[in-house]
Amino acid sequence: MKQQQKSTKVHSMFKKLWTLEKVVYGINTGFGPLCTTLISPQDTKKLQENILKSHAVGMGEPIDKELSKLMMILKVHALAKGFSGVQLSTVERIIWHIQNDIVPVVPKQGSVGASGDLAPLSHLFLPLIGLGKVWKDGKAVDTAQVLSDHNLEPIHLGAKEGLALINGTQFMAAHGVKAVVEMNRLMNNADLIATLMIEGLNGSIKPFFSELHQLRPYKGILL
């Protein structure tokens, strides 16, 4: 509840910034070289949608559906901290995609990893505004059709929301999480294989006595 209140407060603050005669990057300005170009309040929604469209330029085969879903979970975790100022409805829609296993299609290539995973995250969140494709029943289908089938309308992004959605490293983090999980699996299997090998060879278990390893208490050995 506190995080929700914080996010709502930050989002409201972004809206109020429109009344100030100050340049606030990503809220009432363009992006990159257009950082000093003021955007009218009427064009807020268009600005945030355009940043998703303009950066959705990934290429190649889609990443695994599992990775795309993990990206959404990681993004929800980041947004739920309440510092990005996104609307609650935006986070709830991402959660809806996760819970209903309607996962966006994300190309493998396109991230430079500098300002975040801009291209992959843009593809990941195009479905929020009714664009792009999602996985459904094992096939890549148009998001618009899926939303229509579920009687849902596209999300109307507010100030800074497009920027908040694509500024992040959830593409890299998802690969990292999967690598860690796989490494843990391999390590557990390695222990089982070593145990079975010693058993099969009728080997000695004395080298594994903890008292022996306490003589040279290196952290890696004690683990």
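Since we're looking at a predicted model, the values are computed, not measured.

Chemist: Where do I start with helix α2 (residues 44–55) in this structure?
Modeler: An α-helical turn contains 3.6 residues, so a residue and the one three or four places further along point in the same direction. With twelve residues, α2 ought to run about 16 Å at 1.5 Å a step, and its terminal C-alpha atoms sit 17 Å apart, in line with that. Packing partners of the buried residues in α2 comprise α5 (118–125) and α7 (161–166).

Chemist: What is the right way to look at the side chain of His123 in this model?
Modeler: Summarising the element assignment, His123 is placed in helix α5. Aside from chain neighbours lying at most four places away, what touches His123 is Ala56, Val57, Gly58, Pro104, Val105, Val106 and Pro107.

Chemist: Which parts of the structure should I look at to understand a nonpolar patch on the surface?
Modeler: On the surface, Ile205, Phe208, Phe209, Leu212 and Leu215 cluster together into a nonpolar patch covering about 560 Å² of accessible area. Within the fold, Leu215 resides in the loop between α9 (210–213) and α10 (219–222).

Chemist: Would you take a moment to explain the environment of Lys178 for this structure?
Modeler: Examined against the element boundaries, Lys178 turns out to sit in helix α8 (residues 170–200). Residue classification places Lys178 among the partly exposed residues on the basis of a relative accessible area of 32%. Each C-alpha atom, one on Lys178 and one on Glu66, is 9.3 Å from the other, the two residues being 112 residues apart in sequence. Setting aside chain neighbours within four positions, we find Lys178 in contact with Asp64, Glu66, Leu67 and Leu70.

Chemist: Please explain the sheet that holds strand β5 (residues 139–142) as it appears in this structure.
Modeler: The pairing of strands in a sheet comes from backbone hydrogen bonds and takes either a parallel or an antiparallel form. Read across the open sheet, the three strands follow the order β2-β4-β5; overall the sheet is antiparallel. In this open sheet, the two strands that pair with only one neighbour each are β2 (103–104) and β5.

Chemist: Can you help me understand the nonpolar core in this one?
Modeler: A general feature of soluble globular proteins is that nonpolar side chains tend to end up buried together. Residues Leu52, Met71, Ile94, Leu124, Phe125, Leu165 and Ile166 are the most contacted members of the largest nonpolar core, which totals 36 residues. For this core, the elements supplying multiple residues, two or more each, are α2, α3 (65–79), α4 (88–99), α5, α7 and α8. When residues of this core are assigned to their parent elements, the largest contribution, six residues, is made by α3. When neighbours within four sequence positions are excluded, Ile166 is seen to be in contact with Ile51, Leu52, His55, Asp117, Leu118, Leu121 and Ser122.

Chemist: Got a minute to help me understand the pattern of salt bridges in this structure?
Modeler: Pairs can form between side chains of opposite charge whenever their charged atoms are close. Enumeration according to the criterion identifies seven salt bridges in this entry. Asp101 is the partner of Lys65 in a salt bridge, and the nearest nitrogen-oxygen pair spans 2.6 Å. One end of the pair, Lys65, is in helix α3; the other, Asp101, is in the loop between α4 and β2, and 36 residues separate them in sequence. Exposure remark for Asp101: the relative accessible area of 33% places this residue in the partly exposed category. Taken together, the shared-partner salt bridges in this structure form one network comprising Asp64, Glu66 and Lys178.

Conventions and cut-offs
Counting of residues starts from 1 at the beginning of each chain's written sequence and follows it residue by residue. Restriction of local features to residues with pLDDT of at least 70 applies here, the model being predicted, together with a cutoff of 80 or more for giving and counting side-chain atom pairs; totals for whole chains, interfaces and linings are based on all residues. For the side-chain quantities, the full set of heavy atoms in the structure was used; hydrogens and water were omitted. Note on conventions: DSSP H or I runs of at least 4 residues are helices, E runs of at least 2 residues are strands, and numbering of each starts at the N terminus. Every helix has an expected span of 1.5 Å times one less than the residues it contains. By definition in these notes, contact holds between two residues if any of their heavy atoms fall within 4.5 Å. To count toward a patch, a residue needs a relative accessible area above 30% and no salt bridge. Like charges then connect within 9 Å, nonpolar side chains (Val, Leu, Ile, Met, Phe, Trp, Tyr) within 5 Å. Computed with the Shrake-Rupley method and a 1.4 Å probe, the accessible areas treat only the protein chains shown as cover for residues. In what follows, salt bridge is the name for a side-chain nitrogen of Lys or Arg lying within 4 Å of a carboxyl oxygen of Asp or Glu. Relative accessibility under 20% of the residue-type maximum defines a buried residue, over 50% an exposed one, and the middle range a partly exposed one, all with a 1.4 Å probe and only protein chains included. Here a strand pair is declared whenever DSSP counts at least two bridges between the two strands. The set of buried Ala, Val, Leu, Ile, Met, Phe, Trp, Tyr and Cys residues whose side-chain atoms join them within 4.5 Å is what this entry labels a nonpolar core.

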